[in-house]
Amino acid sequence: MRKIREEWFYNIRGDVLSGLVVALALIPEAIAFSLIAGVDPKIGLYASFSIAVLVAFTGGRPGMISAATAATAVLMVTLVRDHGLEYLLAATVLAGLIQILAGLVKLGAIMRFVSRSVLTGFVNALAILIFMAQLGELINVPWLTYVLVAAGLGIIYGLPYITKAVPSPLVCIVVITAVTMVFGIDVRTVGDMGELPDTLPVFLLPDVPLNLDTLMIILPYSVAVAAVGLLESLLTASIVDDLTDTPSDRNQECIGQGIANTVTGFMGGMAGCAMIGQSMINVKSGGRSRLSTLCAGVFLLFLILVLGEWVAQIPMAALVAVMVMVSIGTFSWSSILNLRSHPKSSSIVMLATVAGVILTHNLAIGVLIGVLLSGIFFAWKISRIFRVSSTVTDDGRSRAYVIEGQLFFASAEDFMKAFDFKEALDHVTLDLSRAHIWDISSVTAIDMVVLKFRREGAEVELVGMNEASETLVDRLGEHNKPGALERLLGH
């Protein structure tokens, strides 16, 4: 009971109000994402309701909002164009099953390989994309739109100085809507984005042939959606963890996202994942528990089915003001100042992640670039912490080499360069007590050193290897096998 109270009911008022704000902001976004995918607006709206409600119960990060997203919608465009809606629904179901499998095999642990620089770059890029997405509502519009947006931002940032009893974004939406209705101001509204559905979603099987051909059509899309969805969800969970100082269960989040997408596909909705923008709105509006996510989904369905006529009157200017607030709050402004003080490699990783996301509008590609660069920089740094020293006996016939540091693919070349194979020696000792051997590249380098010294007539002895290194050398090493030098040189 204590766990249920902590995850659901310790912040009821804040969660209910923040859920309402999120639901209002979800409507135009869900419609827009449906249009991106090339499907009817109700597909995105049903998906947002279904995913939010299901993740509230099955996810691993309380307070995080999941719904239909642009990140997954753009991956479905070609599938919808070439094969139709039913194949999108089938791909959504399969993507969910893949995500469930990922959670069961503990793939949530991959987040440990995402560095802080990549996470900062991801956040900054998403903040920029959120702002850029609002530009369509700010270009070639009546001048009163700018006044309404400015007024909305004034309410959002000014009201907390007067009272924090009600989330300022909710007050912004209500006040701006009331003003436009009372004074008859003609500006773009939610209703202009697309027709809102007036019926409940129904549970149906996707109308596709159950054969191998169908599987081969949807599998590439499902894998891509599952991967991008989990990546964005796990990154968003990490951000919410930091904002709320509470932990999340990443593997459970993978399973929760999978269950939500699987069921959503059967309810006529498109695939989705966690939404950093809506999650930021939720947290900044006071949402903390699973109740806020549930309320967002329930309120969304209530708003479009019961209050659809009123919701359609909400001016886009009010929602733009909310999203501009989100983009400003999401961006890590301190990261700009830190460019001068942080290590250059960290700054490069952060900027590369931002550039990758902005240029491709694909979060997965930007993060992949950042993780790849982080790995390269890390390997380079570790390879620098490596040295080989040696001492020779008084008669000059024996030399002992002491290897210190991590011996792997990035340091193997420096390792090879440390030896003089032309020196006339009878005995060579390689002391590896201060080193660790990591991979096939380092084992091959040791083989080459041993075999080259033997070719020059020296006896070679390996000493001091730890158990893991010795096991690797025994299993992969070639230097004690006939014809080993010729095989290695041949490769």
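That block above? That's the structure.
Basis of the calculations
- Residues numbered from 1 in each chain as written.
- Predicted model: local features only at pLDDT ≥ 70, side-chain atom pairs only at ≥ 80, totals over all residues.
- Heavy atoms only, no water.
- Helix = DSSP H or I, 4+ residues; strand = E, 2+ residues; numbered from the N terminus.
- Rg over C-alpha atoms; globule rule 2.2 N^0.38 Å.
- Buried < 20%, exposed > 50% of the residue type's maximum accessible area, 1.4 Å probe, protein only.
- Axes fitted to C-alpha atoms, helices over the stretch in contact; angles between N-to-C directions.
- Parallel < 35°, antiparallel > 145°, perpendicular 65-115°, else oblique.
- Contact = heavy atoms within 4.5 Å.
- Nonpolar A, V, L, I, M, F, W, Y, C, P; charged D, E, K, R; others polar.
- Left-handed = near helix turned anticlockwise from the far one by under 90°.
- Pairing = 2+ DSSP bridges.
- Expected span 1.5 Å × (residues − 1).
- Bend = angle between axes of the 7 residues up to and from the residue.
- Salt bridge = Lys/Arg side-chain N within 4 Å of Asp/Glu carboxyl O.

(A) The arrangement of the overall build of the chain in detail. Secondary structure summary: the chain contains 22 helices and 6 strands in total. A compact globule built from 491 residues should have a C-alpha radius of gyration of about 23 Å, whereas the chain, at 29 Å, is more than 25% larger. With respect to the three principal axes, the spread of C-alpha positions in the chain is 100 × 55 × 50 Å. Evaluated residue by residue, the chain yields a buried proportion of 54% over its 491 residues.

(B) Region of the structure containing the packing of helix H7 (residues 116-134) against helix H10 (residues 212-244). Where H7 meets H10, the closest approach of the two axes is 11 Å, and the angle between their N-to-C directions is 100°. As the angle between them shows, H7 and H10 are arranged roughly perpendicular. Contact with H7, carried on its side by Arg-116, Leu-119, Phe-122 and Val-123, involves Glu-232, Leu-235, Ser-238, Ile-239 and Asp-242 of H10 and no other residues of that element. When its residues are assigned to classes, the contact of H7 with H10 shows 5 nonpolar, 1 polar and 3 charged.

(C) Geometry of the packing of helix H3 (residues 41-58) against helix H11 (residues 250-266). As a packed pair, H3 and H11 sit with axes 8 Å apart at the nearest point and diverge in direction by 145°. In the crossing of H3 with H11, the sense of the turn from one axis to the other is right-handed. Along the contact surface, H3 presents Ala-47, Ser-50, Ile-51, Leu-54, Val-55 and Thr-58, while H11 presents Gln-252, Glu-253, Gly-256, Gln-257, Ile-259, Ala-260, Asn-261, Val-263 and Thr-264. Tallied by class, the residues present in the contact of H3 with H11 amount to 7 nonpolar, 7 polar and 1 charged.

(D) Inspection of the sheet that holds strand E5 (residues 427-437) at higher detail. What the 4 strands build is an open sheet, ordered E3-E4-E5-E6; its pairing is mixed. Of all the strands in the sheet, just strand E3 (386-392) and strand E6 (459-463) have a single pairing partner and so form its edges. The mean angle between the axes of side-by-side strands here comes to 20°, regardless of whether they run parallel or antiparallel. Sheet topology places E3 next to strand E4 (residues 398-407); 7 bridges connect them, and they run antiparallel. When the bridges of E4 are listed, Thr-391 appears paired with Ala-400. Running at roughly 170° to E5, helix H20 (residues 440-455) makes contact with E4, E5 and E6 of the sheet.

(E) Spotlight on the side chain of Ser-18. Of note, Ser-18 is situated in helix H2 (residues 12-37). What Ser-18 contacts, discounting residues up to four positions off in sequence, is Asn-282, Ser-285, Gly-286, Gly-287 and Ser-292.

(F) How the structure looks around helix H8 (residues 143-162). Across its 20 residues, H8 extends 29 Å between first and last C-alpha, which sits within 8% of the 28 Å expected from 1.5 Å per residue. Approximately 30° is the largest bend angle found in H8, and it occurs at Ile-156, with the proline Pro-160 only one to four residues beyond. On its buried face, H8 sits against helix H9 (168-183) and helix H15 (316-330).

(G) Representation of the environment of Val-449 within the structure. Among the secondary structure elements, Val-449 is positioned in helix H20. On the basis of relative accessible area, Val-449 is assigned to the buried category, the value being 0%. The spatial distance from the C-alpha of Val-449 to the C-alpha of Ile-139 is 67 Å, given a sequence separation of 310 residues. What Val-449 contacts, discounting residues up to four positions off in sequence, is Phe-415, Met-416, Phe-419, Phe-421 and Leu-430.

(H) How the structure looks around the pattern of salt bridges. Applying the stated rule across the entire model yields 11 salt bridges. Its salt-bridge partner being Glu-423, residue Arg-399 comes within 3.0 Å of it at the nearest N-O pair. Of this pair, Arg-399 sits in strand E4 while Glu-423 sits in the loop between helix H19 (412-417) and E5; the two residues are 24 residues apart in sequence, bridging distant segments of the chain. Close ionic contact of Lys-417 with Glu-413 constitutes a salt bridge, the shortest N to O distance being 3.3 Å. Here Glu-413 and Lys-417 lie together in helix H19, a separation of 4 residues that amounts to about one turn. Take Lys-417 and Glu-413: they sit in the same class, and that class is exposed. What you see here is one network of salt bridges that share partners, running through Arg-387, Glu-404 and Arg-434.

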